[in-house]
Amino acid sequence: DAERLAGRVDVLVQQLGNFVARHNSDDNKVMIVNLASEFGRTLNGRMARVVGNPSREECQDAVLGKSHARVRVKVEGENEPV
């Protein structure tokens, strides 16, 4: 039902927000893994800085199994966050 879905989305938003808060600093890097697109595969194994979290709509789509909710990262050597 809608209430249960909203609760699951709230939990995911909170978890990803906590992750971003813990990792959002200039000296705290994460490794990119498991990207499958042609461009994404070129990023796997590279280090990046966390710069943002997914929207609530992206989290809802993830809970519904439509897509993944991904944090935004700034990859070393790339101009735009991915």
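Our structure's up above, just so we're on the same page.
Below is a short write-up of the structure. Since we're looking at a predicted model, the values are computed, not measured.

1. Describing the layout of surface pockets
- For the largest pocket, the calculated volume is near 490 Å³.
- In terms of lining residues, the largest pocket is bounded by 19 residues, among which Ile32, Val33, Leu35, Arg70 and Val71 are the most central.
- Looking at the lining of the largest pocket, the elements with two or more residues in it are helix H1 (2-23), strand S1 (29-31), helix H2 (38-43) and strand S3 (72-75).
- Across the lining of the largest pocket, the residue classes tally to 14 nonpolar, three polar and two charged.

2. Re the sheet that holds S1
- Overall, antiparallel pairing links the three strands, which are arranged S1-S2-S3 in an open sheet. Looking at strand neighbours, the two that pair on one side only are S1 and S3, the edges of this open sheet. For this sheet, the mean inter-axis angle between neighbouring strands, taken without regard to orientation, is 55°.
- With four bridges connecting them, strand S2 (residues 47-52) and S3 associate as antiparallel partners. Its bridge partner being in S3, valine 50 is matched across the sheet by valine 73.
- Strand contacts of H1: S1 and S2, with the helix running at about 120° to S2, the strand carrying the most contacts.

3. Describing the environment of leucine 16
- Along the chain, leucine 16 falls in helix H1.
- Put simply, leucine 16 and asparagine 53 are 37 residues apart on the chain and 6.5 Å apart in space, counted from C-alpha to C-alpha.
- The residues touching leucine 16, leaving out its near neighbours within four places in the chain, are Asn53, Pro54, Cys59, Ala69 and Val71.

4. Here's the deal with the packing of H1 against helix H3 (residues 56-63)
- Contact pair H1 / H3: the axes reach a minimum separation of 9 Å and the direction vectors enclose 120°. By the criterion of interaxial angle, the relationship of H1 to H3 is oblique. Here H1 and H3 pass one another in a crossing that is right-handed. Where H1 approaches H3, its residues Leu5, Ala6, Arg8, Val9, Asp10, Leu12, Val13 and Leu16 are matched on the opposing element by Arg56, Cys59, Gln60, Ala62 and Val63.
- Partitioning the contact of H1 with H3 into residue classes produces nine nonpolar, one polar and three charged.

5. Some remarks on H1
- Here H1 contains 22 residues, and its C-alpha end-to-end distance of 32 Å stays within 8% of the 32 Å for a straight helix at 1.5 Å per residue.
- Of all the positions in H1, only Val9, Leu12, Leu16, Val20 and His23 are classed as buried. Seen end-on, H1 carries its buried residues on one side only, within an arc spanning 75°. For H1, exposure combined with an orientation more than 90 degrees from the buried face picks out Glu3, Arg4, Ala21 and Arg22.
- The secondary structure elements touched by the buried residues of H1 are S1, S2 and H3.

Reading guide: rules and limits
- Residues numbered from 1 in each chain as written.
- Predicted model: local features only at pLDDT ≥ 70, side-chain atom pairs only at ≥ 80, totals over all residues.
- Heavy atoms only, no water.
- 1 Å grid on protein atoms, 1.4 Å probe; cavity = no way out; pocket = protein on both sides within 12 Å on 5 of 7 lines; lining within 4 Å.
- Points joined across faces, edges and corners; volume = space filled by probe spheres on them.
- Helix = DSSP H or I, 4+ residues; strand = E, 2+ residues; numbered from the N terminus.
- Nonpolar A, V, L, I, M, F, W, Y, C, P; charged D, E, K, R; others polar.
- Pairing = 2+ DSSP bridges.
- Axes fitted to C-alpha atoms, helices over the stretch in contact; angles between N-to-C directions.
- Contact = heavy atoms within 4.5 Å.
- Parallel < 35°, antiparallel > 145°, perpendicular 65-115°, else oblique.
- Left-handed = near helix turned anticlockwise from the far one by under 90°.
- Expected span 1.5 Å × (residues − 1).
- Buried < 20%, exposed > 50% of the residue type's maximum accessible area, 1.4 Å probe, protein only.
- Arc of directions from axis to C-beta.

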